[in-house]
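Geometric and topological summary
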Amino acid sequence: MRKEDTVKLISAEGFEFVVDKEAAMVSQTIHNMLTSPGSFAERQHGEVTFPEISTTILEKICQYFYWHLQFASSIDLNSENLAVVSGKETEFPIEPELTLELMMAANYLHT
Amino acid sequence: MSNQRKRNFQIEAFKHRVVIDPKYADKTWKILEHAIHEIYNHNASGLSFEELYRNAYNMVLHKFGEKLYSGLVATMTGHLKEIAKSVEAAQGGSFLEELNRKWNDHNKALQMIRDILMYMDRTYIPSTQKTPVHELGLNLWREIVIYSNQIRNRLLNTLLELVHSERTGDVIDRGIMRNITKMLVDLGPSVYVHEFELHFLHVSAEFYRVESQKFIECCDCGDYLKKAERRLNEEIDRVSHYLDPRTEKKITNVVEKEMIENHMLRLIHMENSGLVHMFSDDKYDDLGRMYNLFRRVPDGLSKIREVMTEHIKETGKQLVNDPERLKDPVEFVQRLLDEKDKYDKIINFAFNNDKSFQNALNSSFEYFINLNPRSPEFISLFVDDKLRKGLKGVSEDDVEVTLDKVMMLFRYLQEKDVFEKYYKQHLAKRLLSGKTVSDDAERSLIVKLKTECGYQFTSKLEGMFTDMKTSQDTMQGFYASHPELVDGPTLTVQVLTTGSWPTQSSVTCNLPAEMSALCEKFRSYYLGTHTGRRLSWQTNMGTADLKATFGKGQKHELNVSTYQMCVLMLFNNADRLSYKEIEQATEIPASDLKRCLQSLALVKGRNVLRKEPMSKDVGEDDAFFVNDKFSSKLYKVKIGTVVAQKESEPEKQETRQRVEEDRKPQIEAAIVRIMKSRKQLDHNNLIAEVTKQLQSRFLANPTEVKKRIESLIERDFLERDENDRKLYRYLA
């Protein structure tokens, strides 16, 4: 995997997640961050720090990115909600205790 | 999901971080404001998108959207004012470049700002119905930069100057033009229209008005059209390169109006190079150009069409009335066909096969062909010539093509019955003299006539063909029943049905004894097999093959007409015969006899008779001898009669009269048909209907129709209404 195709997402606690750009761009916010003309620091370094998102949530988010890439094409895309699920096999598991924080992160990331 | 969201809000309210710091908003805005400055100064690389986004996000979330928005407007306005100043300060040529560069910068910055403030765009702006960031940026740019007093006019003038210098042949930077016009379009279609397009069109109109005036003074029509076409293409090219596509229609309209529409008539009628000149010189390119250009303006094509019709009519009139041309009918018709081909080609190549032009062409041909009353005769003569000799060695397809062309001319004829009359005569001559080259061609022409005019028109012609065929069978039967005749002279008889053939008053001449005996035998055979028929001989239409031995013993076979045979046979028993003696012995009508003696004695190379005195004409007192010195390279010698190819004046009158006679019953039939279905009709309508019905055959003369009506009234087919004398009533 080439460096240009990935992006490093850093949580509030400093954990680093390296994901495909393609996956990260599921988030509109990250998409803008990485494509905006005139390079911002994130675009230059290929890493984004989220001081307000905890590791647990960020991990869940990364899982969601890949899940979305895989299945979303078959699901109605107009939702900003992580909880959108349909069918058993394609269900994206969300633990109830994470729901709230995930919701806020989703709003922030415009996912 | 909804209850999840509900719970979400409840908990959020509880968890919500209360803003303790009253300066929080100011602080955050400072960060963002700084960032916007940095972005305008190309220093964005040091900024963290995440941080800025988070700050904007939080500001909106904490109900400071208003502050954020107004701050943005203020900051951007400040920057744009600076930009406007620097653009205004730019000198000369660099003005557009500076403007363009600043515009690009602004666009880029605007996009970055929009990205950072995306959350505001998403939530705050829709709920408060404010202008979205991007649009806001464009609006501010328009208000502050483009509408700035010093920029507005300068921009317009610079653009127009550049276009003008390109028109006069200079090369300009099309890229920057494209960017600038694109900018105007991006700022809103109305900006483009008002700031540039309207003025552009106005200036262009002025430019082309002057230029077209200049061109038309010094160029001929072809050159002018070339220039106009080039200008038009240039404008289209210009639009495609750096103007808004919607301008194309408008600017081409301007060029069309100024360069073509305003000078249309002058171009068409230009001396030595106008439309007429192009027609006569077959300038397909120029014609095509003219067609394509004039098609763009209203009335353009109809103007061309008018002039073309006028021109064809004029040249056609000259053609059909030129006494020189009328001497040779074949040549005459060929000229007509050439003329038709020429215009067909022009319409095909230059006028895009335009239907309206074809119609105009047809109507003009119809007009002038019918100007000459002899056209039907000439067309028939042309066909005669083609079918006699012209089609030898020509492929079947070519035959068809020629015949089709003739049919086309035929279609233009108004007096189709006159044509029929002549055609019948010529066909009869062809058939009887066995001169038809191709039966197929004959038949195909008849089929064509049939499809054109119906069964009635050709039934007699077909009858002629049938007669020829049955005659062959009859002759076979005759010789089968008279086997002893094989050794003697051979007689071939063609039995013709009266009515189908154009019979002339038959004056039977005295046949030589050998022949008349044979004829008698045939008569008895024929009347024996067909009862109730009458047989009369048409000696004026036959031919004969004679074997002759001349003074030095050279033998020739002479192919002559029946009259000529009669004359020559007399010389079997005499060396010298006077004109009177010949006339007495044969009883051939004087005019025919003279003609036949002429061809026997006076045509060089065919003069089997010698005449005294050796004058050019045959006189009543001349004497004739066998020409013992006759010699010919060929064994078979064909002695043609001096045939009047074209009808002489009295003959013409006669044919004309016969045609008129034939028309009478047709007109009457038409009147009766119409009246029978209408029961009553007034005079004018009746005439109109009759003319319409007979149109396919000839153009009925109203006075003639009136005479026929009178005659029908006399014969109690019709009556006049008692109260209204113009109304006719049908009497059953």
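Small disclaimer: the values here were computed from a predicted structure and weren't measured.

Looking at the overall build of chain A
For chain A, the count of helices and strands is five helices and three strands. When the helices and strands of chain A are listed from N to C terminus, the series reads β-β-α-α-α-β-α-α. Across the 111 residues in chain A, those meeting the buried criterion constitute 27%. Within chain A, counting contacts between residues at least 6 apart in sequence, those at least 24 apart form 64% of the total.

Examining the sheet that holds strand β1 (residues 543–549) of chain B
All names here are of chain B. Strand order in the open sheet formed by three strands is β1-β2-β6, and the pairing between neighbours is mixed. For this open sheet the edge positions go to β1 and β6 (636–638), each flanked by a neighbour on one side alone. Here the average twist between neighbouring strands, direction ignored, is 25°. Direction of pairing for β1 relative to strand β2 (residues 555–561): antiparallel, over a ladder of seven bridges. Pairing of T549 across the sheet is with K555, part of β2. In the packing of helix α25 (residues 562–570) onto the sheet, contacts are made with β1 and β2, and the angle to β2 comes to roughly 130°.

A short note on the confidence of the model for chain A
Residues and elements named next belong to chain A. For chain A, the mean per-residue pLDDT works out to 76, and 77% of the residues sit at or above 70. The weakest mean pLDDT in chain A belongs to helix α3 (residues 41–45) at 77; the strongest belongs to strand β2 (residues 16–20) at 88. In the predicted structure, residues 75–88 sits below a pLDDT of 50 and forms 17 contacts with residues beyond four places in sequence or in another chain.

Notes on the packing of helix α28 (residues 649–678) of chain B against helix α29 (residues 683–694) of chain B
All names here are of chain B. Between α28 and α29, whose axes approach to 10 Å, the crossing angle comes to 120°. Considering the angle they form, α28 stands oblique to α29. Judged by the sense of rotation from one axis to the other, the crossing of α28 with α29 is right-handed. Counted together, Q666, I667, A670, I671 and I674 of α28 and L686, E689, V690, Q693 and L694 of α29 form the full contact between these two elements.

So, the pairing of strand β5 (residues 623–626) of chain B
All names here are of chain B. Alignment of strand β3 (residues 576–578) against β5, held across three bridges, turns out to be antiparallel. Pairing of R576 across the sheet is with F625, part of β5. As defined by bridge partners, strand β4 (residues 609–612) adjoins β5 across four bridges and the pair is classed as antiparallel. Within β5, the position partnered with E612 by the bridge is A623.

A look at the sheet that holds β2 of chain A
All names here are of chain A. Taken in spatial order, the three strands of this open sheet run β2-β1-β3, and their pairing is mixed. Only two strands of the sheet have a single partner each, and these edge strands are β2 and β3 (47–49). Strand-to-strand twist of the sheet, defined as the mean angle between neighbouring strand axes without regard to direction, takes the value 25°. Here five bridges tie strand β1 (residues 6–10) to β2, and the two strands are oriented antiparallel to one another. Paired with I10 across the two strands is E16, which belongs to β2. Where helix α4 (residues 55–71) meets the sheet, it contacts β1 and β2, and its direction lies at approximately 10° from that of β2.

A look at helix α23 (residues 455–481) of chain B
Its 27 residues place the ends of α23 of chain B 38 Å apart at the C-alpha level, agreeing with the 39 Å of an ideal helix rising 1.5 Å per residue. By the burial criterion, the buried members of α23 of chain B are T458, L461 and M464 of chain B.

Topic: the nonpolar core
A general feature of soluble globular proteins is that nonpolar side chains tend to end up buried together. Residues and elements named next belong to chain B. Core analysis: the biggest nonpolar cluster contains 74 residues, and A56, L68, I113, I116 and L117 have the highest contact counts within it. Taken domain by domain, the makeup of this core includes at least three residues from each of domain 1 (19–147) and domain 2 (152–279). Core analysis: the second largest hydrophobic core is formed by 65 residues, V333, F368, L381 and L403 among them.

Some points on the environment of V203 of chain B
Residues and elements named next belong to chain B. Tracing the backbone shows V203 in helix α10 (residues 189–218). According to the C-beta neighbour criterion, V203 is partly exposed, with 18 such atoms within 10 Å. Sequence separation between V203 and V163 is 40 residues; the distance between their C-alpha atoms is 9.9 Å.

Quick look at the confidence of the model for chain B
Keep in mind that low pLDDT regions are not for reading the predicted coordinates in detail. All names here are of chain B. Across chain B, the average pLDDT comes to 80, with 93% of residues at or above 70. No element of chain B has a lower mean pLDDT than helix α1 (residues 2–15), which averages 43, and none a higher one than helix α18 (residues 355–369), which averages 87. Below a pLDDT of 50 lies the segment residues 1–16, which in the model reaches seven contacts outside its immediate sequence neighbourhood of four places, other chains included. Two summary scores accompany this predicted model of the complex, namely pTM at 0.65 and ipTM at 0.80.

Quick word on unusual backbone geometry
Note: most residues except glycine have negative phi, and most peptide bonds are trans. Residues and elements named next belong to chain B. The phi dihedral of E587 is positive, around 60°, even though this residue is not glycine. Within the fold, E587 resides in the loop between α26 (579–586) and α27 (590–601). Within the chain, D716 stands out as a residue other than glycine whose phi angle is a positive 65°. Its place among the elements puts D716 in the loop between α30 (702–714) and β8 (718–720).

Reading the values: the criteria
Residues numbered from 1 in each chain as written. Chains lettered and ligands numbered in written order. Predicted model: local features only at pLDDT ≥ 70, side-chain atom pairs only at ≥ 80, totals over all residues. Helix = DSSP H or I, 4+ residues; strand = E, 2+ residues; numbered from the N terminus. Buried ≥ 20, exposed ≤ 12 C-beta atoms within 10 Å, placed from the backbone. Contact = placed C-beta atoms within 7 Å. Pairing = 2+ DSSP bridges. Axes fitted to C-alpha atoms, helices over the stretch in contact; angles between N-to-C directions. pLDDT = per-residue confidence, 0-100. Parallel < 35°, antiparallel > 145°, perpendicular 65-115°, else oblique. Left-handed = near helix turned anticlockwise from the far one by under 90°. Expected span 1.5 Å × (residues − 1). Core = buried A, V, L, I, M, F, W, Y, C linked by C-beta atoms within 7 Å. Domains from an automatic or database assignment.

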